[in-house]
Amino acid sequence: MSQDPTQTSTPYLLPGVYEEFRAAARTVAEKKLGPRAAQVDTLAEFPHDNHETLVAADLHAPGIPQEYGGDGADALAAAIAVEEVARVCASTSTIQTSNKLGVTPLLLAGTEQQRRRYLPEVAAGDALMAYALSEREAGSDIAAMRCRATETSEGEWALEGVKTWITSAGVARYLIVFAVTDPGAGSRSVSAFVVHADDAGISYGEPERKMGLKGSVTREVYFDDCRIPADRLLGERGRGLRLALGTLDHTRVSVGAQALGIAQGALDTAVSYVRERRQFGQALADFQGVQFMLADMAMRVESARQMVYAAAARSTARARDLTYFGAAAKCLASDAAMAVTTDAVQLLGGYGYTKDFPAERMMRDAKITQIYEGTNQIQRIVVARNLV
């Protein structure tokens, strides 16, 4: 969904077309995804049926241009789509964010041939993307990666190494892989590649046993003399670090939207509970202390929403200050999600600590948003560097 320029809007209010889109996405999420969220968490398996639901609603890969079969949604609409899905099932929203991670490098640096080769499959829901950047010893310090890609005498690339914490690994048909091609070249030592899940020499570890986002499959990926054709090089050789960081500028908006959705879901759960729960002859919602907690939660959620949407607008425009806004949105929204979900558990009391209510799942799901795609400590460094 792209913004209609004929739509009028009041400053700081979304044009009606976005609210209509939100309503449609929320209906799908509440009717089809929400009822299965607890089961998805319990099974700790990739929810193939939820993926099919997202595909049917055209919510699985928002943002792919229409010329490649996509919905043409701008970054704000894409953020709203992630937000509404994460509000009821954060695990399922990682289908959207995983695709965003894989699609963005193709849009930023792919050739026209590469885009037409891969994007239509993702847009149709026939393929899922993964983004293989992290390594065991090179978490926040991505320049310290050890995975290697070496040119062979046959004109191919041979990949060797291990990637860690890879979302959708083993499920995704395609992976965007970053590897060292020119050791010692500093910022130009790393290149990016498109790897197919059925390429010889690729294998996967067992799914990680995680605190939250259990319906999002996370594995290590092993490359053992994995040979890929020369035309799988994505962008210019030696510009992989730049591409990785440029991608994260855009995709941190999606993580912010995911965190925002989790926070909104927790707030909704808490409000519903305190309205119904009675103690000392009155509803919990009538106690001033509870009202103060709810007010703080609501202000955190709305502050995060404004920051995420502001960052999304800059993502669409590819604005020069996107790096700042992307980092700030991800950091603010994920901190808000952790605070709001913690308070939601507190407001539900003993019930909040049980799996009978969704607050504890939301609290577990929220934590990773402070960690992946750059810890919030890294985000604060990015923000500060853009200030000074």
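See the structure printed just above.
Here goes a summary of the coordinates provided. These figures come from a predicted structure and were not determined experimentally.

1. Considering the overall build of the protein chain
Counting its regular elements, the protein chain contains eleven helices and ten strands. Taking 21 Å as the expected radius of gyration for a compact globule of 388 residues, we find that the protein chain reaches 21 Å, a close match to that expectation. When its C-alpha atoms are laid out on the principal axes, the protein chain stretches across 80 × 50 × 45 Å. Out of the 388 residues belonging to the protein chain, those deemed buried represent 54%. Contacts in the protein chain between residues far apart in sequence, at least 24 positions, make up 73% of those at least 6 positions apart.

2. Remarks on unusual backbone geometry
Backbone phi values are negative for most residues with the exception of glycine, while trans is the configuration of most peptide bonds. The backbone of F280 shows a phi angle near 55°, a positive value even though the residue is not glycine. Mapped onto the elements of the fold, F280 is located in the loop between β9 (278-279) and β10 (282-283). Phi is positive for R318, close to 50°, though the residue is something other than glycine. We classify R318 as exposed; its relative accessible area is 53%.

3. Here's the deal with the nonpolar core
The biggest cluster of nonpolar side chains holds 86 residues, and the ones touching the most others in it are L159, V195, F223, V274, L294, M297 and V308. The contacts of V308, once residues within four sequence positions are left out, are A79, V253, G256, A257, A329 and A333. Residues V103, M129, L234 and A244 belong to the second largest nonpolar core, which totals 30 residues.

4. Topic: the packing of aromatic side chains
Under the definition given, this model contains seven aromatic pairs. Plain terms: the ring middles of Y131 and F178 are 5.2 Å apart, the flat faces sit at 65° to each other, and that makes the pair edge-to-face. Residue Y131 is found in strand β1 (residues 129-132), and its partner F178 is found in strand β4 (residues 174-180); the two are separated by 47 residues along the sequence. Through a chain of ring-to-ring contacts, the aromatic side chains of Y273, Y351 and F357 assemble into a single cluster.

5. Thoughts on the pairing of β4
Here β4 lies mainly inside the structure; seven of its seven residues are buried. Neither face of β4 is exposed, since Y174, I176, F178 and V180 on one face and L175, V177 and A179 on the opposite face are all buried. Pairing between β1 and β4: four bridges, direction parallel. If you follow A130 over to β4, its bridge partner there is L175. Where β4 meets strand β5 (residues 190-196), seven bridges bridge the pair, whose relative direction is antiparallel.

Reading guide: rules and limits
Residues numbered from 1 in each chain as written. Predicted model: local features only at pLDDT ≥ 70, side-chain atom pairs only at ≥ 80, totals over all residues. Heavy atoms only, no water. Helix = DSSP H or I, 4+ residues; strand = E, 2+ residues; numbered from the N terminus. Rg over C-alpha atoms; globule rule 2.2 N^0.38 Å. Buried < 20%, exposed > 50% of the residue type's maximum accessible area, 1.4 Å probe, protein only. Contact = heavy atoms within 4.5 Å. Core = buried A, V, L, I, M, F, W, Y, C linked by side-chain atoms within 4.5 Å. Phe/Tyr/Trp six-rings, centres within 6.5 Å; stacked < 30°, edge-to-face > 60°. Pairing = 2+ DSSP bridges.

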